There are 2 protein chains.
Amino acid sequence: MGLIVQKFGGTSVANPDRIRNVAKRVARTYDAGNDVVVILSAMAGVTDGLIHLANKMTETPDRRELDVLLATGEQTTAALLSMTLKSMNYPARSLLGFQAEVKTDCAFGNARIVEVGAGQIKNLLTDHNIVVVAGFQGCDTEGNITTLGRGGSDTSAVAIAAALKADKCEIFTDVDGIYTADPNVCNKAKKLSKISCEEMLEMASLGAKVLHLRSVEFALKHHVPVYVRSSFNEEEGTMLINGEQDMERPVVSGITYSKNEARITLKKVPDQPGIAAKIFGPISDANINVDMIIQNTRAGGQTDLTFTVPKNEYQKALDLEREVAQQIGAEDVFGDDNIAKVSVIGVGMKSHSGVAARMFSALAKENINIIMISTSEIRISCVVEQRQAELAVRVLHTAFGLDRE
Amino acid sequence: MGLIVQKFGGTSVANPDRIRNVAKRVARTYDAGNDVVVILSAMAGVTDGLIHLANKMTETPDRRELDVLLATGEQTTAALLSMTLKSMNYPARSLLGFQAEVKTDCAFGNARIVEVGAGQIKNLLTDHNIVVVAGFQGCDTEGNITTLGRGGSDTSAVAIAAALKADKCEIFTDVDGIYTADPNVCNKAKKLSKISCEEMLEMASLGAKVLHLRSVEFALKHHVPVYVRSSFNEEEGTMLINGEQDMERPVVSGITYSKNEARITLKKVPDQPGIAAKIFGPISDANINVDMIIQNTRAGGQTDLTFTVPKNEYQKALDLEREVAQQIGAEDVFGDDNIAKVSVIGVGMKSHSGVAARMFSALAKENINIIMISTSEIRISCVVEQRQAELAVRVLHTAFGLDRE
């Protein structure tokens, strides 16, 4: 018995039958003697549909007004789940973002949660209500409706769980936990019973679609016990733990890959102080995120410089760099959007050497050419040709002993 | 130049093209130097669609949660119109009911406006914004979202106009004003340039579908200058005026009819004190509205009693009265839902006699049998057979000199 926050994603509330199933699961948790707060996403597809509707009015919808529009998606599911629970004779009450006092900054469309008041939630819990909160939304200090960006309902859930000091925050989704690799690519992938927040952060930022990046940051900062579970079965799921708690850890916990990046190379750049600022200034001004950067020194005071950008910004970045190349006197600019980034992740790497060497030799054995390399304390990423991405995942999964018996 | 409140109904915002047309009309009003506040309904059909969705979850959705759901309809159109105006470079800002401080009682689904704060609207107008308010919705003292009942956006508009002391409140709809009769029934019907609030109240309560009843009450009480106009053309429309202002008035301003009632008769009721309470008590307890009541005295201390109820409550009322008849010893109970109520309405009646006589003789000439009669100070209604309703309207239209030359 305790206070449990349960978050259900868009596929879990995609239609009336699924909402009914969510209601049953929530009711079971309540019947077991728990206080329950439910956070909901919009029905799968609804947010995209609303964006499509806005785009019928204008190609560049005002961001404040777009948030007012998008907030209706979660408002709908919160009302539907509450009335379903009521019809089952459970005392349920829906709250919208502003009613749940989810206070954000005013970055419409991608707002950050500043504070969760939760006073109203606590009052309702004291009166033994099941509280159903519309996820993804909040309001700024002026009372404008804001939304938290794609996947933001995860962050709503973890932030509300933190404010309530909940005993656990369960993220129900259409997968039954975090796997050592994407099971669609690697049939030997195993579900992890635990994963550290740091590893999850790396996975989320590398394109594993399970948890919203900011929700993991929130869990890490506020020590919220988060569980990722399937809403379609009763499996245990994966527990997100803070690094300190884990005792025995494998060196590598998981392999991820991403096909969302493209690579740009400037050839024979004069090797002078300040040249990097000239190259990355225009990219930064255009709000394009640069991920990996590699610089190779050549003879004769020249270097080659390669970096990656999100694939959907590739053409824009390439055009910007062609101008830059002329200004700084680089010989050539070229790029490639047929790449993929494959990463091995594990907090165990901190205390183990030889991980990189094992990764490179495993890839080499399968004739997978490494185009770029970057590392963090708990991650090694290699850019490879896109067609070899899935093969690379499987090879590394075996090489690091992750295959299921 | 002045402060103008413009309300657009569901057919006026039924799709992106129509919302664009609304934006153009609002922009013209703003360009002419006016302060503009816009009140919107949901897209035509959306409210019914949401009710249908709720009914997929439960046959009797919780009223609080249904209001949370229904409020998304007007939230959607308010956001879409605001982003459209913004894309046309007009400074627009949407406000939901609670943001516009539309304070209501807590009668979910049929809430009454208690007060409109309008502070936020005034601030936005001072900064020269076009303010777009989601109609039909408000919030109660506890911050719950409420809705005002079908047609409630009219009331939102008039109440906000009253709070702002607006110079006029224009109700844009799919007809171009108030007619002397339904033009679909009587092709000689004329548009009225003016109508008194009292007449409009009678018409609204008798089923003329132009204005929400409460909005007319609000206009009458707060002296709001209301205009009913078409959103599809530039016609002048009909002005709603307070009775005192009119000088020369025709005796009869309009003819209405309604097919939404049914009649129930209790035959040979013992004529004793307290008997009426026994007859109408159960009907009242079941929240069924009784409209006309007629009692005919018979010989021998017995009376026949006939009354009308809404057609959709007919069967329920009939069942209740069958029980009552047994208890009080009435001889028989029977009913008829093939009736229609035809009414002549006009403030001029107050100072003219002979209106009833002229009505009865006109109907008699066409062999239209009068089943029941009821009157108010400015209205005479006759119940006739349903198949003769349209004929009765045309006959009366001619008899009272309303036919267009």
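Residues numbered from 1 in each chain as written. Chains lettered and ligands numbered in written order. Predicted model: local features only at pLDDT ≥ 70, side-chain atom pairs only at ≥ 80, totals over all residues.

### A look at the overall build of chain A
- When its secondary structure is counted, chain A shows 11 helices and 20 strands.
- Expected size for 405 residues packed as a compact globule is a radius of gyration near 22 Å; at 23 Å, chain A falls within 12% of this value.
- Once the C-alpha set of chain A is aligned to its principal axes, its extents read approximately 80 × 55 × 35 Å.
- Classification of the 405 residues of chain A by burial places 49% in the buried group.
- When contacts within chain A are restricted to residue pairs at least 6 apart in sequence, those whose partners lie at least 24 apart make up 74%. (Helix = DSSP H or I, 4+ residues; strand = E, 2+ residues; numbered from the N terminus. Rg over C-alpha atoms; globule rule 2.2 N^0.38 Å. Buried ≥ 20, exposed ≤ 12 C-beta atoms within 10 Å, placed from the backbone. Contact = placed C-beta atoms within 7 Å.)

### Observations regarding the interface of chain B and chain A
- Every contact between the two is made by 27 residues of chain B and, on the other side, 27 residues of chain A.
- Contributions of two or more residues to the side of chain B that touches chain A are made by helix 1 (16–31), helix 2 (46–57) and helix 3 (63–87) of chain B.
- Here the residues of the side of chain B that touches chain A are counted per class, giving 12 nonpolar, 11 polar and 4 charged. (Nonpolar A, V, L, I, M, F, W, Y, C, P; charged D, E, K, R; others polar.)

### Points about the relation of the copies chain B and chain A
- Rotating chain B by 180° about the axis while translating it 0.0 Å along that axis superimposes it on chain A, leaving an RMSD of 0.1 Å. Such a combination of rotation and displacement between the chain copies is what one expects of a two-fold axis. Among all residues of chain B, the one whose C-alpha sits closest to the rotation axis is Thr 72 of chain B, at a distance of 2.7 Å.
- Of the interface residues in chain B, 100% have counterparts in chain A that sit at the interface too, so the contact is made through matching surfaces. (Least-squares fit on C-alpha atoms with pLDDT ≥ 70 in both.)

### Things to note about the nonpolar core
- Val 38, Val 133 and Ile 160 of chain A together with Val 38, Val 133 and Ile 160 of chain B are the most contacted members of the largest nonpolar core, which totals 251 residues.
- Three or more residues apiece are contributed to this core by two domains, here domain 1 (3–174) and domain 2 (244–405) of chain B.
- Contacts of Val 133 of chain A, omitting those with residues within four sequence positions, involve Val 37, Val 38, Ile 39, Ala 78, Leu 95, Ala 100, Ser 156 and Ile 160 of chain A. (Core = buried A, V, L, I, M, F, W, Y, C linked by C-beta atoms within 7 Å. Domains from an automatic or database assignment.)

### What about the pairing of strand 13 (residues 254–258) of chain A?
Residue and element names in this part refer to chain A.
- With 5 of its 5 residues buried, strand 13 lies for the most part within the structure.
- Of the two faces of strand 13, the one holding Gly 254, Thr 256 and Ser 258 and the one holding Ile 255 and Tyr 257 are both buried throughout.
- In terms of strand pairing, strand 13 meets strand 18 (residues 339–345) through 5 bridges, oriented antiparallel. Across the sheet, residue Gly 254 finds its bridge partner in strand 18, namely Ile 345. (Pairing = 2+ DSSP bridges.)

### Let's talk about the sheet that holds strand 17 (residues 332–336) of chain A
Residues and elements named next belong to chain A.
- Spatially, the 4 strands line up as an open sheet ordered 15-16-14-17, and their pairing is antiparallel. Looking at which strands have only one partner, the edges of the open sheet turn out to be strand 15 (293–297) and strand 17. With direction set aside, neighbouring strand axes in the sheet form an average angle of 15°.
- Sheet topology note: the strand 15/strand 16 (residues 302–310) ladder contains 5 bridges and is antiparallel. Across the sheet, Thr 297 pairs through a bridge with Thr 303, a residue of strand 16.
- Contacts from helix 9 (residues 314–328) reach strand 14 (261–270), strand 16 and strand 17 within the one sheet, and its direction differs from that of strand 14 by about 5°. (Axes fitted to C-alpha atoms, helices over the stretch in contact; angles between N-to-C directions.)

### Some remarks on the pairing of strand 20 (residues 379–385) of chain B
Residue and element names in this part refer to chain B.
- By the criterion of burial, strand 20 is predominantly enclosed, with 6 of the 7 residues buried.
- As defined by bridge partners, strand 18 (residues 339–345) adjoins strand 20 across 7 bridges and the pair is classed as antiparallel. Bridge pairing links Lys 341 to Val 383 in strand 20.
- In terms of strand pairing, strand 19 (residues 372–376) meets strand 20 through 5 bridges, oriented antiparallel. Note that in strand 20 the partner of Ile 373 across the bridge is Cys 382.
- Following strand 19, the chain reverses through 2 residues before pairing antiparallel with strand 20.

### As for the confidence of the model for chain A
- Per-residue pLDDT for chain A averages 92, and the proportion of residues at 70 or more is 97%.
- With a pTM of 0.84, the predicted complex shows an ipTM of 0.83. (pLDDT = per-residue confidence, 0-100.)

### Things to note about the sheet that holds strand 6 (residues 130–134) of chain B
Residue and element names in this part refer to chain B.
- Within the open sheet, the 8 strands sit side by side as 3-6-2-1-9-11-12-10. Their pairing is mixed. This sheet does not close on itself; its edge strands, each paired only once, are strand 3 (92–95) and strand 10 (194–196). Taking each pair of neighbouring strands and ignoring which way they run, the sheet shows an average axis angle of 20°.
- Strands in contact with helix 3 are strand 2 (35–40), strand 3 and strand 6; relative to strand 6, the strand with the most contacts, it is inclined by about 165°.

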